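Residues per chain, in single letters:
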Amino acid sequence: MLDFLAENNLCGQAILRIVSCGNAIIAELLRLSEFIPAVFRLKDRADQQKYGEIIFDFSYFKGQELWESKLEAKPELQDLDEEFRENNIEIVTRFYLAFQSVHKYIVDLNRYLDDLNEGVYIQQTLETVLLNEDGKQLLCEALYLYGVMLLVIDQKIEGEVRERMLVSYYRYSAARSSADSNMDDICKLLRSTGYSSQPGAKRPPNYPESYFQRVPINEAFISMVIGRLRSDDIYNQVSAYPLPEHRSTALANQAAMLYVILYFDSSILHTHQAKMREIVDKYFPDNWVISIYMGITVNLADAWEPYKAAKTALNNTLDLSNVREQASRCATVSERVHAQVRQFLKEGYLREEVVLDNIPKLLNCLRDCNVAIRWLMLHTADSACDPNNKRLRQIKDQILTDSRYNPKILFQLLLDTAQFEFILKEMFKQMLSEKQAKWEHYKKEGSERMTELADVFSGVKPLTRVEKNENLQAWFREISKQILSLNYDDSTAAGRKTVQLIQALEEVQEFHQLESNLQVCQFLADTRKFLHQMIRTINIKEEVLITMQIVGDLSFAWQLIDSFTSIMQESIRVNPSMVTKLRATFLKLASALDLPLLRINQANSPDLLSVSQYYSGELVSYVRKVLQIIPESMFTSLLKIIKLQTHDIIEVPTRLDKDKLRDYAQLGPRYEVAKLTHAISIFTEGILMMKTTLVGIIKVDPKQLLEDGIRKELVKRVAFALHRGLIFNPRAKPSELMPKLKELGATMDGFHRSFEYIQDYVNIYGLKIWQEEVSRIINYNVEQECNNFLRTKIQDWQSMYQSTHIPIPKFTPVDESVTFIGRLCREILRITDPKMTCHIDQLNTWYDMKTHQEVTSSRLFSEIQTTLGTFGLNGLDRLLCFMVVRELQNFLSMFQKIILRDRTVQDTLKTLMNAVSPLKSIVANSNKIYLSAIAKTQKIWVPYLEAIMKVGQMQILRQQIANELNYSCRFDSKHLAAALENLNKALLADIEAHYQDPSLPYPKEDNTLLYEITSYLEAAGIHNPLNKIYITTKRLPYFPVVNFLFLIAQLPKLQYSKNLACRPRGTGRHLVLGLLTLLKQFHSRYTEQFLALLGQFIRSTVEQCTSQKIPEMPAEVVGALLFLEDYVRYTKLPRRVAEAHVPNFIFDEFRTVL
């Protein structure tokens, strides 16, 4: 009959594909459960208030139109809904596809069962498949995996969260309307069960059987599968565990399958007492905590509580006398085998001949170790015991007492067993690989010895006084031929023959009195030894390795192992070389990957890579977590070194008196530094002893592990220092900004110096790591802060700066800012607020308007550069960019609201435009016309002024940052600065040339050169923030005239101070830069018109003064001319632009006034 798993056996391949797919789905569900967006949980009040009206559970389907009409009635809700969709559709779709695949899995399984019943697969029925060994395993697995999927979904993704995600997908996705969409069925299958994985939560009635019955499955199939699992050893595991007391461990996988599948037919659990007694007697006579899949544990005492028959059957096992007996037995066994394993692990004990002679003994020891570890780990696990359940607590306390449980001793047993297993496996692998070569070598040696002896008895070869004996000569030649004729491939016959040959050699020695000749005896003994070695070698079978693999399975501890993390870390801290032993434990844990990957591999499924990557990745993360203690301990020592170096050890001067040498020697502190440094290098040595290891499919390089660990610890500490160091009290007078920056600068410098000091002892590139990680922390925080200004947020898993191995910690916000960079930026904006301070351009300093005290100066930006580096300043600049954009957008919406929708304002503007047209002329009676227009529009200037001043303030700060960046770039890396400037000039020249002659080259659409060089130029401060276009704009009617009116309404406030050559109200520069930035966002003809209006105002006012014979130039004209001068200076426009609107003689007159 055709092999069931053969590629051309359609029946076998179909069920194999289903089972393979089931394992992949569970891996995907476990992977996704770590990425549930917090917002779907609606845990905190802020989320409930913000998203409560747009995230629905299944109650949405009852009144769909009502909910949607509520949304449509509120434009701000619609906007939030759209933003939520953009940010979450990708992850919601991924969850939906996982949910859909669960439903598709059970539909496929049902279809397969129907096909079997209808005879689609020739000569195959449900009964024949269940008779086949592979078929029986696969059918049982198929149903079991479906149950596991449902349990995993309910444990990892709460019912309410599932419902909210499914409704969100239904509302946001276009795919729902397609004909083949089975959204309704998926919603029915995965609607909330009421189950909660929180400790102490009550179990819903009829759970999980009602959940398992949501999609009906063929009842005959369920009962046949349960029958098979009850009666057969479907995986033939008992052969690996010959001892009767190990039977429940041998059948543990099958027991887990039976536990899950019984929920598909809960009547057995409720009423079939005989069946349940049989099941408990076979599978659970001495255990009641089981692992159902990849370490998910269940306590039967709790799980079977609601089922009468199951509970009654289990009572015998849970009887306190039985519990006591099992715990005591386990304690005795673990003590005995631990002593044995320690003996085996002694240096030089496990030699090849000892191993080959004692295979059964060694395997029995391994079995006992693994069974004891399994029983103790499962039955003492906290996760399997609900602390609120009195009976479970009682049983657990009984176990802890009777087994004399000590987690450290259990962990030591696990370590030693893993090490023992690892050594044995490696030895066996090597012996198997050399098996044939060694066998042939021994055969050749034995045969040659016999030939030599034959020669000795021929009398030809002179060997001290041996008489010629032709019979013996012929006999030894015959034996030599017999040895040569042994056939390696027929091991059974060769083994028998070898034993006979050994006996013959023993007999010849006795019958022919050959003992008298020592040399002949030696030859015979050697030959017998070689023949013995051949028997040993031929007995090296792969079955031993397979048995070791089965016995050493640690998949039940996939999650439980975490409870031993603190013990592992403590033992590493005390003895760093412990890492080498831990390597064997991690490899033992990696064997758990075989379980989910076996069927995927057999089916040649493309999921193999992603599933093995997921489980290997989880295991490597755990390895990193355990070994993180090494960098942590290193940093603790480092902090002590920093303290000693900065506070205790005095710098030795270049010249000193010899009688002061003792004072400077400071032997005590220097010895302490040397001791700490030695401790750090010992830690490094510990991790590097681990050797490169393949964990699953991921190669773990200890050097890389160490570097990543050091990076992780550095990131954790630096991020915390930045978070804690930049929290400000807004009421503090004077501001805490400078003192806090200085303090933080000292902390960062301490980290930097210590890192520099340690790099050679640890063999890492300290400066490279420092720069990469600090820049990553700052860029990530800037990105998170800028998310506030973005509609489509950058999630952590999308961020190029966040990493899974070296995560940047997130801290709870302490004010409106999300991160430290936001707090820093808002504190700078607060202390340089144009309402409270005045900025003196020439001194680059801000003064308080009331007290005239200095508030801050350009030193602030040098301090930020010292503390946070170029990345910090650059990040601050990026954040200010986003703030400018936000202000300009708010300004445009305000313009729409208060100007374009106000009839009276529009009429006033129309009248003014008629009165001043054409712009080249001089307005008669100008004073009256302008003042009347200002008076009628008075109410709109307060918000207008505020918006312009904010933009101006941010632009001043951006200029200061650019200056600081440029200065430090020229100072620290002059070649980079020069290269960037020249490249920039050359590019601009090429682009200008292209616009004059389009046949010349220009960067293409897909060329990222311009985009990339911009980020370099901004980081080096080679850019002008005033020339930047921040937003895209449409045509706005009356825009130039509104800005002109706004300016002349503000002119009386702009007085000139001769001794400071500036405006004491301090608002002048903010106003100029704010208006300049605003006009820059629109077409240049608006600027033209604005300047023409301003020129006309100056000319008309001067004309009116001259005709009224007023000798002095009016203050508003002086203010307007000052504005023009500044405008031309900041925009770097040619002088003639201003002179086109204001005659030269007025400028000359104005200068004499100054």
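Quick caveat, the model's predicted, so the values are computed rather than measured. (Residues numbered from 1 in each chain as written. Predicted model: local features only at pLDDT ≥ 70, side-chain atom pairs only at ≥ 80, totals over all residues. Heavy atoms only, no water.)

**A closer look at the domain arrangement of the chain**
Per the domain assignment, the segments making up the chain are domain 1 (1–194 + 207–234), domain 2 (433–544) and domain 3 (881–972 + 1024–1152). Of note, the centres of domain 1 and domain 3, computed from C-alpha atoms alone, are 64 Å apart. (Domains from an automatic or database assignment.)

**Re the nonpolar core**
Ranked by size, the top nonpolar core spans 333 residues in total, and within it Trp 304, Tyr 615, Tyr 944 and Ile 1098 carry the most contacts. Top element by residues in this core is helix 37 (residues 859–900). It accounts for 18 residues. (Core = buried A, V, L, I, M, F, W, Y, C linked by side-chain atoms within 4.5 Å. Buried < 20%, exposed > 50% of the residue type's maximum accessible area, 1.4 Å probe, protein only. Helix = DSSP H or I, 4+ residues; strand = E, 2+ residues; numbered from the N terminus.)

**With respect to the layout of surface pockets**
The computed volume of the second largest pocket comes to approximately 1500 Å³. In this structure, the second largest pocket is lined by 48 residues; those nearest its centre are Thr 870, Phe 871, Asn 874, Gly 875 and Ala 1019. Only helix 34 (737–762), helix 35 (766–786), helix 37, helix 40 (941–972), helix 41 (974–996) and helix 42 (1009–1019) provide two or more residues apiece to the lining of the second largest pocket. Among the elements that line the lining of the second largest pocket, the one with the most residues is helix 37, at 15 residues. For the lining of the second largest pocket, the per-class residue count stands at 22 nonpolar, 17 polar and 9 charged. (1 Å grid on protein atoms, 1.4 Å probe; cavity = no way out; pocket = protein on both sides within 12 Å on 5 of 7 lines; lining within 4 Å. Points joined across faces, edges and corners; volume = space filled by probe spheres on them. Nonpolar A, V, L, I, M, F, W, Y, C, P; charged D, E, K, R; others polar.)

**Re the environment of Cys 369**
Along the polypeptide, Cys 369 turns up in helix 19 (residues 359–379). Given a relative accessible area of 0%, Cys 369 falls into the buried group. Once the C-alpha coordinates of Cys 369 and Ala 1140 are considered, the two residues, 771 residues apart in sequence, prove to be 97 Å apart. Ignoring anything within four residues of it in the chain, the contact list for Cys 369 reads Val 337, Val 341, Leu 413 and Thr 417. (Contact = heavy atoms within 4.5 Å.)

**Comments concerning the packing of aromatic side chains**
As enumerated under the stated definition, the model contains 51 aromatic pairs in all. Where Tyr 757 meets Tyr 761, the ring centres are 5.5 Å apart and the plane angle is 50°; that geometry is what we call tilted. With Tyr 757 and Tyr 761 both in helix 34 and 4 residues apart, the pair spans about one turn of that helix. Looking at Tyr 761, the relative accessible area reads 41%, which means it is partly exposed. Over the ring of Tyr 1130 we find Arg 1129, and its NZ or CZ is 4.7 Å from the ring centre. (Phe/Tyr/Trp six-rings, centres within 6.5 Å; stacked < 30°, edge-to-face > 60°. Lys NZ or Arg CZ within 6 Å of the ring centre and 35° of its normal.)

**Brief notes about empty space enclosed by the protein**
For the structure on display, the rule yields 5 cavities of 30 Å³ or more. Surrounding the largest cavity, Arg 624, Leu 627, Gln 628, Pro 631, Ile 687, Leu 705, Leu 706, Asp 708, Gly 709, Lys 712 and His 805 form its lining. Of all the secondary-structure elements, those providing two or more residues to the lining of the largest cavity are helix 29 (607–627) and helix 33 (702–725). Top contributing element to the lining of the largest cavity by residue count: helix 33, with 5 residues. Looking at the lining of the largest cavity residue by residue, the class counts come to 5 nonpolar, 3 polar and 3 charged. Roughly 80 Å³ of volume is contained in the second largest cavity. Lining the second largest cavity are 13 residues; nearest its centre among them are Trp 288, Val 289, Asn 299, His 379 and Lys 396. At the level of elements, helix 19 and helix 20 (390–402) are the ones that each hand at least two residues to the lining of the second largest cavity. If you tally residues by element for the lining of the second largest cavity, the top one is helix 20, at 4 residues. Classifying every residue of the lining of the second largest cavity by side-chain character gives 10 nonpolar, 2 polar and 1 charged.

**Looking at the pairing of strand 2 (residues 296–299)**
Residues Ile 296 and Val 298 line one face of strand 2 and the alternating positions Thr 297 and Asn 299 line the opposite face, and both faces are buried. When strand 1 (residues 289–293) meets strand 2, the two strands line up antiparallel, connected through 4 bridges. When the bridges of strand 2 are listed, Val 289 appears paired with Asn 299. Counting the residues in the hairpin turn of strand 1 and strand 2 gives 2 residues, including Met 294, whose phi is positive at 45°. (Pairing = 2+ DSSP bridges.)

**Overview of the side chain of Asp 47**
Mapped onto the elements of the fold, Asp 47 is located in helix 2 (residues 45–51). Although Asp 47 is buried, it makes no salt bridge; Lys 50 carries the closest opposite charge, 7.1 Å away. Not counting residues within four places of it along the chain, the set of residues in contact with Asp 47 comprises Ala 38, Val 39, Leu 42 and Gly 52. (Lys, Arg positive; Asp, Glu negative; His and termini not counted. Salt bridge = Lys/Arg side-chain N within 4 Å of Asp/Glu carboxyl O.)

**Notes on the confidence of the model for the chain**
Residues with a pLDDT of 70 or more make up 96% of the chain, whose mean pLDDT is 85. Ignoring residues within four places in sequence, the model shows residues 1059–1066, a span with pLDDT below 50, making 22 contacts including any to other chains. (pLDDT = per-residue confidence, 0-100.)

**A few points about unusual backbone geometry**
A cis amide bond, omega 5°, links Tyr 207 with the succeeding residue Pro 208. Locating Pro 208 in the fold gives a position in the loop between helix 8 (183–190) and helix 9 (209–212). Look at the link from Ser 917 to Pro 918: it is a cis peptide, with omega at -15°. The topology assignment puts Pro 918 in the loop between helix 38 (903–916) and helix 39 (926–936). Although it is not a glycine, Gln 123 sits at a positive phi angle of roughly 65°. As for its placement among the helices and strands, Gln 123 is situated in the loop between helix 4 (75–118) and helix 5 (126–131). Taking the relative accessible area as the measure of exposure, Gln 123 reaches 72% and is therefore exposed. Positive phi, normally seen in glycine, also occurs at Met 294, with a value near 45°. Counting through the fold element by element, Met 294 comes out in the loop between strand 1 and strand 2.

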